[in-house]
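The chain contents come next:
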Amino acid sequence: MTLLPGRWLKAPESFLPEAFCRKINTAGFNDARRNWMQRGFKVAAAGLAAGAAGSALAQAAAAGAVSGSTVGATAGDPHVLEKKAWQTMLGQPVAARPYGVPSSFEENLKRRESPGLTRVPQASVAFTPLQGLFGIITPNGLHFERHHQGWVDVDPEQHRFMINGLVAAPRVFTMSDLMRLPSVSRIHFIECGANTGLEWGNVAVPTVQYTHGMLSCCEFTGVLLSTLLDMCGADLKRGKYVLAEGGDGSGMTRTIDMKVALDDVIVAWGMNGEMLRPENGYPLRLVVPGVQGVSWVKWLRRIEVGDQPWASKDEAVHYIDLMPDGVHRQYTSVQEVKSVITTPSGGQQLLDRGFYNVSGLAWSGRGRIKRVDVSFDGGNHWRTARMEQPVLPKALTRFNIDWTWDGSPAILQSRAVDETGHVQPAIRQLRAVRGTRSIYHNNAIQSWKIDPNGEVSNVQVG
Ligand SMILES: Nc1nc2c(c(=O)[nH]1)N[C@H]1C(S)=C(S)[C@@H](COP(=O)(O)O)O[C@H]1N2
Ligand SMILES: [Mo]
């Protein structure tokens, strides 16, 4: 096993290691939460005595680290003994917040832009803070954002959605027309094709928010595109493709194969139980399960049925894969099997040796996740992680695995396998086929190095 030293982007507006580490250590994982982690998991060194029986968790508990702890709360702890201000006062009135917001102690959990990645703030990306989320659902306010020309707040009363092209009866729908049709609600991930893109060039992006944060997973509600195509009498003999067009100023248009369009594509207005947020396409967006984010056209205004791919600017100039021999691959749309450990991850620090619940996410654009293996020694040995329910097709799957850190250097990796048998590749396997000049579709195994002082950083293991 060789360690490839990660290098930082040199441009002044790009990632600055100290600044980022400091910022992320406080911002990505705030001090209150770190203390809470410390109290929860700190293990008395004595508890690590060799030969202790039972699981890692049982051993940690026997050492007094998990229950009946003498570590977090010590005798005379004022937080136990003293009455708190909030126990002695009248709380806030019920209607103080007609629309709820997170606790003031959680203000560091937020979307972040990557300095230097994009030239103008409108054509930019804000990444989801994966390091601070639990389970598989992304809260609406933390869904990643990727706009080619900024977001718009479209008046739903004025919004119109057209289906035309090779159809018997072209139609224009209002939002009211759409919302009285039979609807479905399904949980799916969305991942930008450029997610993890900087790693192609061996750029050690500091945190999981920036390496993998163009990834979110929500319950979407809407009408199946197949229902609408049926209503309009789509010509399925000649109509092999559909074109989806967005209503913002970016002229976003994407070709989608008719097989995909008729399968599970949703014309959606709902996201996690409420209307879409403006940033995510309010009032209407396309949900194209398993396919890269760019095809999930926002502020959706038109679907055209046609007999050939359109080769629009967003599929002829952008979102193409440059192969080592100079060939550009077009229409590489499926997001292949991938996973990442989110806790612990880059920019965090393990505060003491002892028991940790190592947690992460796995997903595949081809269906369900079948298995996730985790290595703690850079890929020499693997253990199978627990997959939490639900395990849904084309959705994030949460995995967890017990780990007792003995204080020595470690390299954590996760490797997912999907139900079609696809296995997540090592970065060197991917580079052997795809070279290093790609931007899109990097689904390589992610490695996090743990230093003896507990600091976690991004490394590439070749
Ligand atoms: N109309 C329109 N649709 C769009 C875009 C856009 O800029 N305009 N960006 C695309 C890209 S590249 C991605 S990755 C996803 C991002 O969706 P999100 O902002 O809801 O995360 O939307 C896609 N749909
Ligand atoms: Mo994207």
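Residues numbered from 1 in each chain as written. Chains lettered and ligands numbered in written order. Predicted model: local features only at pLDDT ≥ 70, side-chain atom pairs only at ≥ 80, totals over all residues. Heavy atoms only, no water.

Caption draft 1: Main features of the site of ligand 1. Ligand 1 sits among 22 residues. The nearest are Phe144, His148, Asp248, Arg285 and Lys298. At 2.5 Å from an oxygen atom of ligand 1 is found a side-chain nitrogen or oxygen belonging to Lys298. Starting from 530 Å² of accessible surface for ligand 1 in isolation, the protein chains cover 100%. When each cavity is represented as a set of grid points, ligand 1 is found to reside in the largest cavity. (Near = heavy atom within 4 Å. Polar contact = N/O pair within 3.5 Å; in protein donor to acceptor, adjacent residues only side chain to side chain. Areas by Shrake-Rupley, 256 points an atom, 1.4 Å probe, with all protein chains shown as cover. 1 Å grid on protein atoms, 1.4 Å probe; cavity = no way out; pocket = protein on both sides within 12 Å on 5 of 7 lines; lining within 4 Å. Sits in = over half its atoms within 2 Å of the grid points.)

Caption draft 2: Focus on empty space enclosed by the protein. Taken as a whole and assessed by the stated rule, the structure comprises 5 cavities of 30 Å³ or more. Its volume calculated, the largest cavity comes out at about 240 Å³. Arg146, Arg285, Gly293, Trp296 and Lys298 are, among the 21 residues lining the largest cavity, the residues nearest its centre. Grouping the constituent residues of the lining of the largest cavity by class yields 9 nonpolar, 7 polar and 5 charged. Size it by volume and the second largest cavity reaches roughly 90 Å³. Contributing to the lining of the second largest cavity are Thr196, Glu199, His212, Ile427, Asn442, Ala444, Ile445, Gln446, Ser447, Val459 and Gln460. Grouping the constituent residues of the lining of the second largest cavity by class yields 4 nonpolar, 6 polar and 1 charged. (Points joined across faces, edges and corners; volume = space filled by probe spheres on them. Nonpolar A, V, L, I, M, F, W, Y, C, P; charged D, E, K, R; others polar.)

Caption draft 3: Region of interest: the sheet that holds strand β6 (residues 171–174). One open sheet accounts for 5 strands, arranged β6-β5-β14-β9-β10; its pairing is mixed. The sheet is open, and its two borders are formed by β6 and β10 (253–257), each paired with just one other strand. Within this sheet the neighbouring strands show an average axis-to-axis angle of 20 degrees, counted without direction. Alignment of strand β9 (residues 241–246) against strand β14 (residues 300–306), held across 6 bridges, turns out to be antiparallel. By the bridge assignment for β14, Glu245 is matched with Arg302. (Pairing = 2+ DSSP bridges. Helix = DSSP H or I, 4+ residues; strand = E, 2+ residues; numbered from the N terminus. Axes fitted to C-alpha atoms, helices over the stretch in contact; angles between N-to-C directions.)

Caption draft 4: Structural view of the pairing of strand β11 (residues 266–271). Of all 6 residues in β11, 6 are buried; the element is thus mostly enclosed. Of the pairings in the sheet, the one linking strand β8 (residues 215–224) to β11 comprises 5 bridges and is antiparallel in character. Residue pairing in the sheet places Gly222 in a bridge with Ala268 of β11. The pairing of β11 with strand β13 (residues 285–287) spans 3 bridges and is classified as antiparallel. Looking across to β13, one finds that Ile266 is bridged to Val287. Summarising the sheet, β11 and strand β12 (residues 274–275) pair through 2 bridges and their orientation is antiparallel. Its bridge partner being in β12, Met271 is matched across the sheet by Glu274. (Buried < 20%, exposed > 50% of the residue type's maximum accessible area, 1.4 Å probe, protein only.)

Caption draft 5: Just the pattern of salt bridges, in detail. Taken as a whole, this structure holds 20 salt bridges when the rule is applied. Linking Arg111 and Glu145 is a salt bridge whose minimum nitrogen-to-oxygen distance equals 3.1 Å. Here the residue Arg111 occupies a position in the loop between α4 (78–81) and β2 (112–113), and Glu145 occupies one in strand β4 (residues 145–146), the gap between them amounting to 34 residues. For Glu145, a relative accessible area of 12% corresponds to the buried category. Here Arg302 makes a salt bridge to Glu304, at a shortest N to O gap of 2.6 Å. Since its relative accessible area comes to 16%, Arg302 is described here as buried. By relative accessible area, Glu304 is classed as partly exposed at 21%. One connected set of salt bridges, linked through shared partners, spans Glu245, Arg301, Arg302 and Glu304. (Salt bridge = Lys/Arg side-chain N within 4 Å of Asp/Glu carboxyl O.)

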